[in-house]
Amino acid sequence: NAGVMQNPRHLVRRRGQEARLRCSPMKGHSHVYWYRQLPEEGLKFMVYLQKENIIDESGMPKERFSAEFPKEGPSILRIQQVVRGDSAAYFCASSPRLGGSEKLFFGSGTQLSVL
Amino acid sequence: ELKVEQNPLFLSMQEGKNYTIYCNYSTTSDRLYWYRQDPGKSLESLFVLLSNGAVKQEGRLMASLDTKARLSTLHITAAVHDLSATYFCAVDIGTSGSRLTFGEGTQLTVNP
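Parameters and conventions
- Residues numbered from 1 in each chain as written.
- Chains lettered and ligands numbered in written order.
- Predicted model: local features only at pLDDT ≥ 70, side-chain atom pairs only at ≥ 80, totals over all residues.
- Heavy atoms only, no water.
- Helix = DSSP H or I, 4+ residues; strand = E, 2+ residues; numbered from the N terminus.
- Rg over C-alpha atoms; globule rule 2.2 N^0.38 Å.
- Contact = heavy atoms within 4.5 Å.
- Areas by Shrake-Rupley, 256 points an atom, 1.4 Å probe, with all protein chains shown as cover.
- Buried < 20%, exposed > 50% of the residue type's maximum accessible area, 1.4 Å probe, protein only.
- Pairing = 2+ DSSP bridges.
- Axes fitted to C-alpha atoms, helices over the stretch in contact; angles between N-to-C directions.
- Disulfide = S-S within 2.5 Å.

Trainee: How should the overall build of chain A be read in this particular structure?
Mentor: Helix and strand counts for chain A stand at zero helices and 11 strands. From first element to last, N terminus to C terminus, chain A shows the α and β order β-β-β-β-β-β-β-β-β-β-β. For a compact globule of 115 residues, the expected C-alpha radius of gyration is about 13 Å, and chain A comes in at 13 Å, within 12% of that figure. Oriented by its inertia axes, the alpha-carbon framework of chain A measures out at about 35 × 25 × 25 Å. Counting only contacts in chain A whose residues sit at least 6 apart along the sequence, the fraction spanning at least 24 positions is 53%. Working note: accessible area of chain A is about 5800 Å², and carbon and sulfur atoms make up 47% of it.

Here it is as structure tokens:
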């Protein structure tokens, strides 16, 4: 049973470009969470999604960031017109059901570098 | 807003010594987690603490939870170099699925 899969592992973008980060949850998991980790800091919650629904996006910046989790395929975190301050590690986590934080599993992350 | 604070943020210790990392949080919760992160890697789940008074041990690490004091501790016994990593505590207050609020992390270096 594969774990939470994120790709790419590393992503380099120039300022103004778009970044797309992908996350495939563990088999049987229908809840996906995105977290951002800035250098030397803890993880900060961004968004919580279920299939085709955004449940909580209170941690998402108001502009340039969006997330989706379609019926088929991975969850996508999209950052438009990236700036240097977007450089961070972005982690995805999945869980099998509501309130099951003890069953939360993290992916290996995508390291985004904006030049 | 929930705040989770760890201390110390940086810890350098000698092999064989004992030390404790503290995690304080500002809102009632009975779900607290400890994770380990090695540089450039993802988070490895260490302990899941789900009730007041919970104590769990794995090897040289022991974690406890006092929900009344809103405090969790991660105790390191007879440290070895392999324990060098960053340790995070995280709290779930159950308002939105499995959303966790993380502490800033404690960067532990164990010197030979």
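Trainee: Mind showing me how you'd approach the pairing of strand 7 (residues 61–66) of chain B here?
Mentor: Consecutive side chains along a regular strand alternate between the two faces of the sheet. All names here are of chain B. The alternating pattern of strand 7 places Leu61, Ala63 and Leu65 on a buried face, while none of Met62, Ser64 and Asp66, on the opposite face, is buried. In this structure, strand 6 (residues 55–58) lies alongside strand 7, joined through four bridges in antiparallel fashion. Paired with Lys56 across the strands is Ala63, a residue of strand 7. Here strand 6 hands over to strand 7 after two residues, with Gly59 in that stretch at a positive phi of 60 degrees. Across six bridges, the pairing between strand 7 and strand 8 (residues 71–76) is antiparallel. Bridge pairing in strand 8 links Asp66 to Leu71. Between strand 7 and the antiparallel strand that follows it, strand 8, lie four residues; Arg70 among them carries a positive phi value of about 55 degrees.

Trainee: Just checking my understanding: could you explain the sheet that holds strand 3 (residues 19–25) of chain B for this structure?
Mentor: Backbone hydrogen bonds hold the strands of a sheet together, and the pairing may be parallel or antiparallel. All names here are of chain B. Taken in spatial order, the five strands make up an open sheet running 1-3-8-7-6, and their pairing is antiparallel. With one partner strand each, in any of the chains shown, strand 1 (4–7) and strand 6 form the two edges of the open sheet. Neighbour to neighbour, the strand axes of the sheet diverge by 15 degrees on average, direction disregarded. Sheet analysis places strand 1 next to strand 3, joined by four bridges and oriented antiparallel. In the sheet register, Gln6 faces strand 3, and the bridge partner there is Cys23.

Trainee: Honestly, the state of the cysteines in this entry has me stumped. Any pointers?
Mentor: Structurally, a disulfide amounts to a covalent bond that connects the sulfur atoms of two cysteines. All names here are of chain B. Under the counting rule described, the total for this entry stands at two disulfides over all chains. Across the disulfide, Cys23 is cross-linked to Cys89 (sulfur-sulfur distance 2.0 Å). Where Cys23 bonds to Cys89 through sulfur, the torsion about that S-S bond is close to 80 degrees, and the disulfide is right-handed. Taken together, the residues Cys23 in strand 3 and Cys89 in strand 9 (residues 85–91) connect sequence positions 66 residues apart. Cys89 carries the same exposure label as Cys23, and that label is buried.

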